[in-house]
Each structure stands twice: as C-alpha cells, then as structure tokens.
Amino acid sequence: MSFPLIVFYVLSAILLFSAFKVVTAKNPVHAALWLVLAFFTSSGHWLLLQAEFLAIALVLVYVGAVMVLFLFVVMMLDINIEKMRAGFWQHFPLAATVGLIMVAEMVLILASPQAHLAGYEAAAPLAADASNVKVLGLQIYTTYLMPFELAAVLLLLAIVAAIALTQRERKDGKYVDPAMQVEVKAADRLSIVKMAAVRDEPVINETNEPQA
Amino acid sequence: MNWADLNLMPALPEIFLLAALSFILVLDLFIPDEKRDVTYGLSLLTLAACAALQLATFEPFATTTFSGMFVDDPMADIIKVAMYGVTAAVLVYTRQYVADRGMFRGEYYTLSLFALLGMNVMVSSSHFLTLYIGLELLSLALYALIALRRDSAAGTEAAMKYFVLGALASGMLLYGMSMVYGATGSLAISEIAAAIASGHSNAVLLVFGLVFLVAGLAFKLGAVPFHMWVPDVYQGSPTAVTLMLGAAPKLAAFVFIIRILVQGMGELSGDWQGMLVLIAALSMMIGNVAAIAQTNIKRMLAYSTISHMGFLLLGLLAANEQGYASAMFYAMVYVLTTLAGFGVLLALSHAGFECEKLEDLKGLNQRNSWYAFLMLLVMFSMAGIPPLAGFYAKFAVIKSVVDLGAVNMGFGMVSALYLAVFAVMMSLVGAFYYLRVVKNMYFDDKQSDAPIVVRGEMKVLLSVNALALLVLGVLPQGLIELCIEAMRQSLAVL
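Everything numeric in this text was worked out from a predicted model, so none of it was measured.

## Some thoughts on the overall build of chain B
The helix and strand inventory of chain B stands at 20 helices and four strands. Taken against the 2.2 N^0.38 rule, which gives 23 Å for 494 residues, the C-alpha radius of gyration of chain B at 22 Å falls within 12% of a compact globule. Based on the C-alpha atoms only, the size of chain B along its principal axes is roughly 70 × 55 × 40 Å. Evaluated residue by residue, chain B yields a buried proportion of 60% over its 494 residues. Taken as a whole, chain B presents about 17000 Å² of accessible surface, with 67% of it coming from carbon and sulfur.

Listed below in structure tokens is the structure:
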C-alpha cells in the first residue's frame, strides 16, 4: 500500500466519522465544530489530488468564514436542537439500517468485476511548476464563463431571499409614527356598545334549595 | 475560446431578463408601498419584452454559445415563450391575492423573475453544470416564495419540507451526474451522447448513474414513488405560489428531462424505458386514487398533478419523436389547464377567505355562472372529456404508447397495450373527482353570498385562458404540429 493511499484512507475515516458526529451531536456548537473538522479533512483530499488552490479556498472560505459565522449564529440564537428533533433517536436504528443496506448495495455494484473500476488509471502527476490558479482562472473565465456568471446570480438571489425572509419589524419595538398618532380618530380607539337603558328583572328560581 | 468569438445573440432574452430584473430590484427600493403597481407593471413589461426578443432572435435550427454550454433550439424557443406567457398570467392572476395577504412587495416580483431566469437556463442548457445551476436558481427562488408569508405556519412548514426534499433530490441528481462523468469523461451533453454511442464508456457506471438521475428527475417532477412532497407543498403554500410552482416549472422540467435522458442518454433508452413505465403507471394509479379521498381542493389538484405527470411520462417513455412531441403538447395543455383552474380559485378568494375546500365551490353557478362555466371547462379538460384540449393531449400520449407495440421492461419486452389500457382505466377513475367538483358547482346550494370581485384584466385573461382549452380541443392541429416540428429540429443536432 503506497503512502498516498494510506493518507487517503486515514482522511476518509476521519471525514466520515466527523460527518456522522455533525448529524448526531447533541450540542449545536459541537456539531458546528465537527463540521469544521469535516471541511478541513476534505481539503486534505483536494491536496492529494494536487489541487492546492481548491484546498486552500476550502479552508479559507468554509472553515475560516462560513463556519465562524455559523458558530456565531448558533451561539446567539441559543437553539435547543435536542427538543426540536424529538424522536430522532427513536427512528435512528431504522434509518441506519436502510442507509447501511444502500451502502452495501452500492459497494456490491461498484466493486463487481463488471464495473472494472481498476481499469481507470491514476491521473498523471503534474509538473513541479504547474500552477493550479492559472489553469483554474483560464477555465473559469473562458470555457466556464456562463456557469461562473450564473453562480454570481445565484448568490444575488440568495441575498434577496435571505433579506426578504428575515427583515421584519420587531414585535416588541416601541417605535411609533407621529403622523399616524395625529391622524387617529376616536372611533379607532373606542367602540361604543348600544345597550337597552332598562334591564329586565332577573328571574329567581324559587324551587332552588339552599346549598348545604 | 476567444472573446471575439463569443456570440451573445442566442442568450439575448436571458441577458435582458437578468438586466431588467436587477433594474427592478434596485428601483423597487425607492418606490413607496402605495405605488407598488409600478413594480408589477414593469415585471409584466419585462416579460413582454423577453417574449418579443425571443421571437425576434428565433432561428429554425439549434445554435450554441458559451463554449457549447448554452443551446438555443426551436424547442427551447417555444417553451420559453410559453413560460413568459404563463409567468405573466400568474402575476396578473395573483395581483389581488398577494395584495390582500401582505405579500404585495417588490420581492414577490423579483423572486418570480429569478425563478423564470432559472427555468430559462434549465431549458437552454446543454451541459450538466449549467442544467444544475439553473435548477438551483429555480428551486431557491421557489423556497423563498413559499415562505414569503412569514406569519403563516403552514407556508413555513411547506417551504421547509420542499427545501429538505429538494436538497435530497439535488443530491441524487448530482450523484448521478458524477457517475455519468466518471463513465464518459465529460459533462457536456453532446460529448456524453458521443461517448455512449462510441461504446467505449463503462456500461455499469452509466446505468448506475442513470438510476440516480431518473430518481432525481422523478423527485423534481413529483412522480411516484418520489411524490411525497407534492400534496403538502401545494396545500401549505399560499395559492398564488402554488400556482407559480405548479405551472411554468413543469414546462422547464419537461425540457430538463429531454436534455438529460433523450439528448444525453438517448442511446440508453432501453434502460430508462422500463424505469419510466413503472414510475408512470404508479403515478397514474396513486395520483388518481388518492385524489378521490381529498376534501381540500388544492390537495386534490396536487394529486391530480401527480397523475398528470404520469401521463406526461407516457409520452416520454415511447422514446421516439412522436412520443416526445405528444409529451410536449401534454405539458403545454396541462400548464394551461392548471393556470385556469387555480385562476378561478384565486378569483374566489378574497381578504380573510381562502377558497380551498371542496365545499367552497358549492353552488358557484348560483353565485356567478360565468366562473362556474370556466371551472367546468377546466375540470372537463383535466378529466379528458372531448372536445376539450385535455382529451386530445391524453389521446396523443396514449396513441404514442400504442404505436410503440412493446416496451422494454428490463426483464423482457411487454406489450405496450397493457400500459395503454391501464392509462385509460386510471383516467376514468380520475374523472370521478373532477366531475364531483362540477356537481358541487351546479347541483348544490350555495354556501355563501360573498360577492366575487375580480380585477378587469384578470377577468379577461382568465376567460381567454379557459376558452383557449376549448379552442385547442377543437383545433389542436396547429400546436401539435408546432411541437412535432420543434422536436424534429431540436433533436436532429447535438
């Protein structure tokens, strides 16, 4: 077993374990931290594939920016996840069984001799001075120009959607509009109920026995 | 690629749509609430301009641009023009409804246009990457639209369900795409087709990826056994958004399937035919049977959608030009019918009242005989009763199955007649619950005397829309020939 293969298996084991812990962790802060580990480990996979730039981008963007923001939000909102997913552990054995069967089936198909995955050759190693950034940049701004622009549109949409869904007036806000206060009429605040001036005398039930 | 070679003309409508939508997005910030009609008018104007640009740049053959990632063929042109029309109709129908429910905000219109842009990208992509980004653009806009009414618990729940299951479906689709990439070494649809045709690609990996692709597509289409989200989302969303996600996206999903299964993996039709037969048969059965038990009309229409998607797949699984054309015709007629059906429901809803129970339609004929008549046309068309368009659409897809003779079920050839007979039986079952609505409207006493107030432009458009079902039913030849011609021109190349 070659050294890169050993590294691959070690990284994969850590990745799978931390991904599993993200889902099962009881404390949302722990889940976020496990997710950091998962991202960090998968950037190791990129490195094994000689994609240094993507590996660094993954660490910078996901571990550095996204997950730190995520941690802030989790800490500020103080969500009790355990209460939200009552019944999770009750359904867990069934879900795990279904998942394991699916994995086993997929492994059986992909590992069968008909699939001959062994026929795929490993990618040739890059030259020592090959630049990831240059190749990526050339690809993104020429061949993949359209998906690149569309990804930008997707981000714009995400901003619009997030603002549309979260921006609202505070329920406990004390702000009042003076113009609306001036315009208020008595009828807006006060409702007058018409009642008969004289009420009928209440009928007294004489058969009622005095209470013991 | 050289910058001088970049031909932007085929993508002109999309570029204009994006520019106009960014303009509306910014302009809307400076418009006070009482002048929100400006946003509404500008959105309609944008749609009209897009349709005009689409027709002006029409070419009777396929042109590609953006290094072959974007394709503009007659099928895409026709579907896109239809989608502009459908989106405009949705905006007109929902104008009063959203105003009554505090959703009459700029975001409603910009998100709708974003969704349309996503659909346009889906329709015009010839690369797995752009197909997927288009799908995500559409889905993300729809998730936000469903949750737009923030104080509605049902809406938020529907958005959450749609989001989680949509993410799962996207995962399946991506997994399938990655397998296909592994087998063929490319994500471009034309190269995938060439690699499969050359016979050098890894067959096991291909079929393995195909299974995931079909599952992801069925999820997005809402076909059994991946239909669980449809009734909940249809019922929980505000009716305006239900219409938005039930109409134009079905057209986009149809082209999406054509691009992936037919243009990309057409050589494997023997493999996906059997899968589609099962999905179509189950959809027709479960959709029609479950719809009988519903008391909520939006939920009933959701199950009816599931069964209609089954019929749509009947045309696709024929795997020949005639079948695809009939499926395209079916999709167009289905969208037109849905539009009119939800249009009547929106017309009957008013501030503080949602028309969504079957009883709410009782005695509609006594209240307003014109809307009752329009709803009657819609229900008859959905049930497939001649001379309405729905009959001809069902006839066309079933005919394409009968002409097939036999379908490949994977374990062997099975006579296609069984499938055709089954489809007819299921459409008979479906007739029951469509006709129950008609019975409610005409033979029951009215439950309320609330006046039906509808804006003028909606009244006209709704009438034209429902009467178009009658016209298309009597004279379907024009549209069906258009579909056949579009399919022939679009499938010839790539």
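## So, the domain arrangement of chain A
When the domains of chain A are assigned, the result is domain 1 (1-78) and domain 2 (130-164). Each of domain 1 of chain A and domain 2 of chain A was reduced to a C-alpha centroid, and the two centroids are 23 Å apart.

## Digging into the pattern of salt bridges
All names here are of chain B. This structure, assessed with the given rule, holds 18 salt bridges over all chains. With a closest N to O distance of 2.6 Å, Asp33 and Arg36 form a salt bridge. Arg488 is the partner of Glu485 in a salt bridge, and the nearest nitrogen-oxygen pair spans 3.4 Å. Residue Glu485 and its partner Arg488 are located together in helix H20 (residues 477-492), separated by three residues, close to a single helical turn. Judged by relative accessible area, Glu485 falls into the partly exposed class, the value being 36%. Judged by relative accessible area, which is 41%, Arg488 ranks as partly exposed. Among the charged side chains, a network of salt bridges with common partners joins Glu157, Lys161, Asp232 and Arg299.

## Re the UniProt feature "transmembrane region" (unreviewed entry) in chain A
Residues and elements named next belong to chain A. Within the UniProt annotation, "transmembrane region" (unreviewed entry) is assigned to residues 6-24, 31-48, 54-79, 91-111 and 144-165. End-to-end, the C-alpha atoms of residues 91-111 are 30 Å apart, and along that stretch the chain is 100% helix and 0% strand. The distance separating the terminal C-alpha atoms of residues 144-165 is 32 Å; by composition the span is 95% helix and 0% strand.

## As for the confidence of the model for chain B
All names here are of chain B. Confidence in the prediction of chain B, expressed as mean pLDDT, is 92, and 99% of residues score 70 or more. Of all secondary-structure elements in chain B, the lowest mean pLDDT belongs to strand E3 (residues 406-408), at 82, while helix H1 (residues 12-27) reaches the highest, 96. Across the predicted assembly, pTM comes out at 0.90 and ipTM at 0.92.

## A word on the interface of chain A and chain B
A common way to express how large an interface is: the accessible area buried when the components associate. Counting residues at the interface gives 29 residues for chain A and 37 residues for chain B. Linking chain A with chain B are zero salt bridges. Remark: the boundary between chain A and chain B carries two residue pairs in polar contact (both at pLDDT 80 or more). Of all the secondary structure elements, the ones that give two or more residues to the side of chain A that touches chain B are helix H5 (88-111) and helix H7 (145-166) of chain A.

## Re the UniProt feature "domain: NADH:quinone oxidoreductase/Mrp antiporter transmembrane" (unreviewed entry) in chain B
Feature annotation in UniProt places "domain: NADH:quinone oxidoreductase/Mrp antiporter transmembrane" (unreviewed entry) on residues 125-410 of chain B, given in this structure's numbering. For the annotated span residues 125-410 of chain B, helix accounts for 77% and strand for 1% of the residues, and the straight-line distance between the end C-alpha atoms is 30 Å.

## Structural notes on empty space enclosed by the protein
All names here are of chain B. Counted under the stated rule, the structure contains six cavities of 30 Å³ or more. Estimates place the volume of the largest cavity at around 170 Å³. Looking at the largest cavity, it is lined by 16 residues, and the ones nearest its centre are Leu138, Tyr162, Lys220, Pro249 and Ala253. Taken together, the elements giving at least two residues each to the lining of the largest cavity come down to helix H5 (128-146), helix H8 (203-221) and helix H11 (248-264). With five residues, H11 is the single largest residue contributor to the lining of the largest cavity. Residue classes in the lining of the largest cavity are distributed as 13 nonpolar, one polar and two charged.

Analysis parameters
- Residues numbered from 1 in each chain as written.
- Chains lettered and ligands numbered in written order.
- Predicted model: local features only at pLDDT ≥ 70, side-chain atom pairs only at ≥ 80, totals over all residues.
- Heavy atoms only, no water.
- Helix = DSSP H or I, 4+ residues; strand = E, 2+ residues; numbered from the N terminus.
- Rg over C-alpha atoms; globule rule 2.2 N^0.38 Å.
- Buried < 20%, exposed > 50% of the residue type's maximum accessible area, 1.4 Å probe, protein only.
- Areas by Shrake-Rupley, 256 points an atom, 1.4 Å probe, with all protein chains shown as cover.
- Domains from an automatic or database assignment.
- Salt bridge = Lys/Arg side-chain N within 4 Å of Asp/Glu carboxyl O.
- UniProt positions renumbered as here; feature names shortened; annotations may be inferred.
- pLDDT = per-residue confidence, 0-100.
- Contact = heavy atoms within 4.5 Å.
- Polar contact = N/O pair within 3.5 Å; in protein donor to acceptor, adjacent residues only side chain to side chain.
- 1 Å grid on protein atoms, 1.4 Å probe; cavity = no way out; pocket = protein on both sides within 12 Å on 5 of 7 lines; lining within 4 Å.
- Points joined across faces, edges and corners; volume = space filled by probe spheres on them.
- Nonpolar A, V, L, I, M, F, W, Y, C, P; charged D, E, K, R; others polar.

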